[in-house]
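Residue strings, one per chain:
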Amino acid sequence: VATGWGGRGWPRPGRLLLAAGVALLVAAALYTGLFREPAELLAPFRSIVLWTHRGLQHGGHVKPWWYFPVVLGREEPVISLLALAGAVIAVRCRDRPALFVTAWSGAILGLHSAIPYKTPWLVLNLVLPLGLLAGVPIEAWAGRSKRSGRVATLLLVLACLWPLARAIDLSFVRYDVDGASPLIYVQTERDALRLVKRIERYARERPEGHHLGIQILSPDYLPLNWYLRDFTKVGYYGERIDHPPGPIVVTRVDQAAQVATDLGPGWSRQDYDLRPGVRLALFLKRTDGAPL
C-alpha cells in the first residue's frame, strides 16, 4: 500500500499484489524461523484462539468500555487529536487510503473497547493506525504552500517534545511509581534489581561464577529469566520442591518458612519485592566458610 500512498486513490493492482506478496513472505520467514519450522505458519491462527478465550474471560483484568480512550487521551493526546482531525478530513475529502485507516482505527478501537479484557499495553495496537491517521492533517496542511509546510513541520516537532519527555520519564525515571501513568501496571519493582545484584555479587565470590545452580521455586518470576540470562544453570520449577539442589534458591515469602525447613542450616535469607503483591525470599548457601 505504501508504494501508492502519495496519491489520492488506491495503488495500482500490480503494485498492491507485489507489496502484499512481499509482506506475506517476510511474515512467513519470521514465523517459521527462516523457514526451518514450517508448522509455525499456523501460529497466528492459534494465537487468535488463545486471545479470543482470554479476551472474553478477562482473567481479572476487566475494565469499563471507555478505558482505552482515557489512556489514549492521557498518554497520546497529540496523536489522538491529530487522528480525530485526520478522520474528519478523510470523510470530507473522500480520500480512500485515509478512509481505510479511519475505518481501521475505528474498528480496532471499538473491538478493544468491547471486550472485557483490558491491559494498558494493548494500546500499542491502537497507536499504530491512529499514528498513520494523524499524518493526514499534517500532510494536508504541509501541502498548501512552502510556508505552511515549514510551519507544519515546526509544529509537528514541537508537538513531539511532550510525548518524548513523557516517554523518557516513564522509561527511565518513574517507571515503577504508582499513579504516574496507567501504563505502569503491575510493574517490576526496583527491589527486583537489588535481588539480581545480590545474586551477581554472590556468584563473583564463588569459583563457579555464572555456572552456579539457581532454583526458582516461585510461580511469579518474570522478568528474572531475563536478568539471570547469563547464568547457565537456572531451574524454573514454579512451585516448592523437596531439597532444592542449588546454592541459590528463590521462592515466594509465603512458602519461605517451609523452604527454609527443607534447606536446613547454613543458609541466609533476604526478602525482595518483585512487583506489587509479589515478595520473594532469596536463600544463599554458605560454602566452605565463605561469607554471605
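You'll find the structure just up there.
Residues numbered from 1 in each chain as written. Predicted model: local features only at pLDDT ≥ 70, side-chain atom pairs only at ≥ 80, totals over all residues. Heavy atoms only, no water.

A. Just unusual backbone geometry, in detail. Geometrically, the link from leucine 222 to proline 223 is a cis peptide bond, its omega value of 5 degrees lying close to zero. Of note, proline 223 is situated in the loop between strand 1 (213-216) and helix 9 (224-227). Even without glycine at this site, leucine 34 takes up a positive phi of about 60 degrees. By the element assignment, leucine 34 lies in the loop between helix 1 (13-31) and helix 2 (43-57). Phi is positive for phenylalanine 35, close to 70 degrees, though the residue is something other than glycine. Its place among the elements puts phenylalanine 35 in the loop between helix 1 and helix 2. (Helix = DSSP H or I, 4+ residues; strand = E, 2+ residues; numbered from the N terminus.)

B. Spatial organisation of the layout of surface pockets. Taken as a whole, the largest pocket encloses approximately 280 Å³ of empty space. Taken together, ten residues form the lining of the largest pocket, with Trp51, His112, Ile115, Leu122 and Asn125 sitting closest to its centre. For the lining of the largest pocket, the elements supplying multiple residues, two or more each, are helix 2 and helix 5 (96-114). Of the residues belonging to the lining of the largest pocket, the class tally is six nonpolar, four polar and no charged. (1 Å grid on protein atoms, 1.4 Å probe; cavity = no way out; pocket = protein on both sides within 12 Å on 5 of 7 lines; lining within 4 Å. Points joined across faces, edges and corners; volume = space filled by probe spheres on them. Nonpolar A, V, L, I, M, F, W, Y, C, P; charged D, E, K, R; others polar.)

C. Local environment of the nonpolar core. One finds Ile199, Leu224, Leu228, Ile248, Leu280 and Leu282 to be the most contacted residues of the largest nonpolar core, which totals 20 residues. Put simply, the parts of the chain that give this core at least two residues each are helix 8 (191-204), strand 1, strand 3 (248-252), strand 4 (267-275) and strand 5 (278-285). For this core, the element with the most residues is helix 8, which contributes six residues. Beyond its immediate chain neighbours, meaning those up to four positions away, leucine 228 contacts Val196, Ile199, Ile216, Val234 and Tyr236. Listed in part, the 18 residues of the second largest apolar core include Phe68, Tyr117, Val123 and Val127. (Core = buried A, V, L, I, M, F, W, Y, C linked by side-chain atoms within 4.5 Å. Buried < 20%, exposed > 50% of the residue type's maximum accessible area, 1.4 Å probe, protein only. Contact = heavy atoms within 4.5 Å.)

D. Highlighting the pairing of strand 3. With respect to burial, strand 3 is a largely interior element, five of its five residues being buried. Along strand 3, one buried face is formed by Ile248, Val250 and Arg252 and the opposite face, lined by Val249 and Thr251, is buried too. Strand direction decides the pairing type here: strand 1 and strand 3, joined by three bridges, are parallel. Bridge assignment links isoleucine 216 to a residue of strand 3, and that residue is valine 250. (Pairing = 2+ DSSP bridges.)

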